Amino acid sequence: MKPAPRFLVMGAGSVGCYLGGCLQHAGAQVDFVGRPLVLQTLRTHGLRLSDRDGRNQFLAPAQLRLHEQVPTACHPDLVLLCVKSRATEAAAQELERHLAAGTPVLSLQNGLHNVTLAQAVAPGLNWLAGMVPFNIAEIGPGCFHRGSDGQLAAEEHAPLARSADWFAQAGVPLALHADLKPIQRGKLLLNLNNPVNALSGLPLRAQLLDAGYRQQFAGLMREALALMRLDGAEPAALTPLPWNLLIRILCLPTPLFRLIAARLLRIDPQARSSMADDLAAGRPTEIDVLCGEIVRLAERLGRRAPLNEAMVARIQTLSTRPTTTP
Ligand SMILES: NC(=O)C1=CN([C@@H]2O[C@H](COP(=O)(O)OP(=O)(O)OC[C@H]3O[C@@H](n4cnc5c(N)ncnc54)[C@H](OP(=O)(O)O)[C@@H]3O)[C@@H](O)[C@H]2O)C=CC1
Ligand SMILES: CC(C)(CO)C(=O)C(=O)O
């Protein structure tokens with residue numbers, strides 16, 4: 001019998017706990033590295049996993065391998081990098097200090113450049129790009145729920161080909177692509193809704209059912225798509241609709257949008273973007289790697305991206321505002 005594969009989750013949060021939990025439930029050995037508060041919750045409540053298709057799995061506290069730092073003498077077959085992009089470099093350096101040279105690390109983060117940043121500060125590890133299309137939210141202490149659909153993606157690479165069976169067994173299949181860049185660009189376009197969602201204060205589905213918020217999202221996307229095309233960097237379509245059509249559909253009146261975009265609206269009523277979580281918790285957001293990326297692309301092309309610029313400014317003002325004490 002083949003030994004169970006070993007995974008290390010770097011950044012036990014929404015994505016890390018959900019994917020690590022699914023893999024462990026399917027029989028893999030998983031070590032979770034996270035912050036003390038998160039680990040304490042897992043030690044108290046265990047890890048519960050649920051999804052839109054009826055998954056309801058539980059790992060008791062005693063089954064979880066929880067660490068505040070990358071454990072010494074740890075030899076994972078694959079590391080899942082699940083920290084927010086602001087934490088990429090520090091996490092990469094910590095991983096390199098503790099892991100054998102060449103250990104494969106799959107970045108499951110939003111944004112285009114996490115792997116390049118990690119590679120620059122921790123060149124001894126084998127950095128691979130991935131993409132998570134669905135939403136994960138902590139819906140109760142230690143309870144992580146997948147609230148929308150889609151297939152995990154990653155760049156084609158031997159260590160990932162070996163792990164792909166495990167992802168499939170765990171019910172989170174991983175599709176491998178020769179070139180992940182177009183997929184990452186497509187994900188970036190969809191993630192331009194993150195700040196709109198965060199500012200709306202609404203769950204994703206309710207926000208998408210509001211014509212005004214859809215117009216904002218469409219505007220950010222239209223601006224970004226034009227710049228990507230000017231740069232000769234076509235994004236892969238991540239919905240059944242081509243990008244131009246998707247943008248037009250977002251701008252339709254709500255009853256028509258609801259009819260035509262039924263598939264896009266297959267989102268649990270409570271799902272929120274990861275930026276909404278950050279903003280609500282007073283944490284720095286990933287705005288710089290989302291709208292900020294479009295602003296930098298415009299600058300590089302000698303253009304402007306006024307809608308994305310304004311969104312960066314709005315989110316930065318909110319997330320740097322000091323919290324008032326009662
Ligand atoms: N949530 C979602 O639905 C989706 C998220 N993503 C992307 O996935 C990535 C992860 O998102 P998400 O899971 O929501 O993030 P979370 O903030 O929920 O989880 C990340 C966790 O890692 C912790 N962390 C950071 N650095 C370290 C470290 N060196 N050692 C131990 N723990 C660390 C963070 O703590 P601290 O806050 O203190 O830094 C935080 O608790 C992001 O890039 C996000 O955009 C992609 C698709 C969907
Ligand atoms: C899945 C999606 C697009 C929205 O939840 C996301 O990537 C995020 O929340 O950061």
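Per an unreviewed UniProt entry, the protein goes by the name 2-dehydropantoate 2-reductase and belongs to Azonexus hydrophilus. Under the heading Function (unreviewed entry), UniProt records this for the protein: "Catalyzes the NADPH-dependent reduction of ketopantoate into pantoic acid." Under the UniProt heading Catalytic activity (unreviewed entry), the entry covering the protein gives this text: "(R)-pantoate + NADP(+) = 2-dehydropantoate + NADPH + H(+)".

Engineer: Quick question: what am I supposed to make of the site of ligand 2 here?
Structural biologist: Close contacts around ligand 2 come from Asn110, Phe134, Asn135, Leu190, Asn191, Asn194, Ser273 and Ser274, and that covers them all. Broken down by class, the residue content of the shell around ligand 2 amounts to two nonpolar, six polar and no charged. Counting contributing residues per domain, the shell around ligand 2 is built from domain 1 (6-178) and domain 2 (183-320), each supplying no fewer than three.

Engineer: In this structure, what is going on with the pairing of strand S3 (residues 47-51)? I would like to understand it.
Structural biologist: Along a regular strand, successive side chains alternate from one face of the sheet to the other. Only one face of S3 is buried, namely the one carrying Leu47, Leu49 and Asp51, since none of Arg48 and Ser50 on the opposite face is buried. The pairing of S3 with strand S4 (residues 56-59) spans four bridges and is classified as antiparallel. Within S4, the residue paired with leucine 47 across the bridge is leucine 59. Linking S3 to S4, which pair antiparallel, is a turn of four residues; within it glycine 54 sits at a positive phi near 95°.

Engineer: Can you walk me through the UniProt feature "domain: Ketopantoate reductase C-terminal" (unreviewed entry) in the protein in this structure?
Structural biologist: Mapped onto this structure's residue numbering, the UniProt feature "domain: Ketopantoate reductase C-terminal" (unreviewed entry) falls at residues 182-316. End C-alpha atoms of residues 182-316 are separated by 28 Å, and the span's content is 64% helix alongside 0% strand.

Engineer: Looking at this structure, how should I read the domain arrangement of the protein?
Structural biologist: The extent of an interface is frequently quoted as the accessible surface area lost upon association of the parts. Partitioning the protein into structural domains gives domain 1 (6-178) and domain 2 (183-320). Just the C-alpha atoms count here: the centres of domain 1 and domain 2 sit 25 Å apart. The partner domain 2 presents 19 residues to the 19 residues of domain 1 that form the contact. Elements with a minimum of two residues in the side of domain 1 that touches domain 2: strand S8 (126-131) and strand S9 (136-140). Split by residue class, the side of domain 1 that touches domain 2 holds seven nonpolar, eight polar and four charged.

Engineer: It is not clear to me how the environment of glutamine 109 should be interpreted in this structure. Could you clarify?
Structural biologist: Note on placement: glutamine 109 falls in the loop between strand S7 (104-107) and helix H4 (114-121). When the C-alpha positions of glutamine 109 and cysteine 82 are compared, they lie 6.1 Å apart, and in sequence the two are 27 residues distant. With residues up to four places along the chain from it excluded, the contact list for glutamine 109 reads Leu81, Ser85, Thr88 and Asn114.

Calculation notes
Residues numbered from 1 in each chain as written. Chains lettered and ligands numbered in written order. Predicted model: local features only at pLDDT ≥ 70, side-chain atom pairs only at ≥ 80, totals over all residues. UniProt positions renumbered as here; feature names shortened; annotations may be inferred. Near = placed C-beta within 6 Å. Nonpolar A, V, L, I, M, F, W, Y, C, P; charged D, E, K, R; others polar. Domains from an automatic or database assignment. Buried ≥ 20, exposed ≤ 12 C-beta atoms within 10 Å, placed from the backbone. Helix = DSSP H or I, 4+ residues; strand = E, 2+ residues; numbered from the N terminus. Pairing = 2+ DSSP bridges. Contact = placed C-beta atoms within 7 Å.

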